[in-house]
Amino acid sequence: GRDCSITNTATAQGYYIPQAGADPVIVTGEDSLTLGCIFADIVKTADVENARPGDMIRYTITFKNMSGREMYNVKITDTLSQYLNVIATSIMPVPQAGESLESGVTLGRVPANSQRTLTFAARVTADASEDIVNRAFADFSFRDAGGMEQTASTHITTVTTPIYSNQLEVVK
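Per chain, residue numbering runs from 1 following the sequence as it is written. The predicted nature of this model means local features are confined to residues of pLDDT at least 70 and side-chain atom pairs, given and counted, to a pLDDT of 80 or more, with totals for whole chains, interfaces and linings taken over all residues. Hydrogens and water are ignored here; the side-chain numbers use all heavy atoms of the structure.

1. Some details on the pattern of salt bridges
- Any Lys or Arg side-chain nitrogen found within 4 Å of a carboxyl oxygen on Asp or Glu counts as a salt bridge. Applying the stated criterion across every chain, the model contains four salt bridges.
- A salt bridge links Asp78 to Lys44, with the shortest nitrogen-to-oxygen separation between them at 2.6 Å. Taken together, the positions of Asp78 in strand E5 (residues 71-79) and Lys44 in strand E3 (residues 40-46) put the pair 34 residues apart, joining distant regions of the chain. As far as burial versus exposure is concerned, Asp78 and Lys44 are alike and both buried. Helix and strand assignments follow DSSP, with helices taken as H or I runs no shorter than four residues and strands as E runs no shorter than two, numbered in order from the N terminus. Burial classes: relative accessible area under 20% of the type maximum marks a residue as buried, over 50% as exposed, and values in between as partly exposed (1.4 Å probe, protein chains only).

This is the structure in structure tokens:
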């Protein structure tokens, strides 16, 4: 795992005159803020390279915590294609009450230097006529070097599955 810290130091200087006719008094102040670096990634894959209407596609979304800090409140959100019907009972881990792939599924805590996976299956709709494009990302929380709670999001990962029509036209 990777871990690092970034320190930002600010220095201010000014002066004031304590009384009329007195020499100015120079005042200097300095403060630093150190934040730990957090390395997280998300990867989404499909078990097929292309599909036809009626086919089943199994998706795997892996959240990777590549830092030395535990991440918690990890939630994966997946924007699904209109050409997919999710098999609700296939979603693992099982969503909490009120959760869905579109609103986010909670993975909970992900220890330092480890990963958690969300999987589900979906059937391609009969009217699928263009590529299936799905995008997923994760939101998460962590404690910075000063113990303050921070929240962040991963980049968006995209899986595109080309759709092939069941219709075959022979031209002579």
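2. Re a nonpolar patch on the surface
- Patch membership requires more than 30% relative accessible area and the absence of a salt bridge. Residues of like charge join within 9 Å; the nonpolar side chains Val, Leu, Ile, Met, Phe, Trp and Tyr join within 5 Å. To measure how exposed things are, a 1.4 Å probe is used in the Shrake-Rupley method; for residues, cover is taken only from the protein chains shown. A contiguous nonpolar surface patch, about 370 Å² in accessible area, is contributed by Tyr15, Ile17 and Ile26.
- A residue is classified by how much of its surface remains accessible, and Tyr15, at 60% relative accessible area, is exposed.

3. Some thoughts on the environment of Arg58
- Structurally, the position occupied by Arg58 is in strand E4 (residues 56-65).
- Given a relative accessible area of 46%, Arg58 falls into the partly exposed group.
- Counting along the chain gives 28 residues from Arg58 to Val86, while the straight-line C-alpha distance between them is 9.8 Å.
- Residue contacts follow a heavy-atom distance rule, with two residues in contact if any of their heavy atoms lie within 4.5 Å. Setting aside residues up to four positions removed in sequence, Arg58 forms contacts with Thr45, Ala46, Asp47, Phe120 and Ala121.

Coordinates in, geometry out; function isn't part of it.
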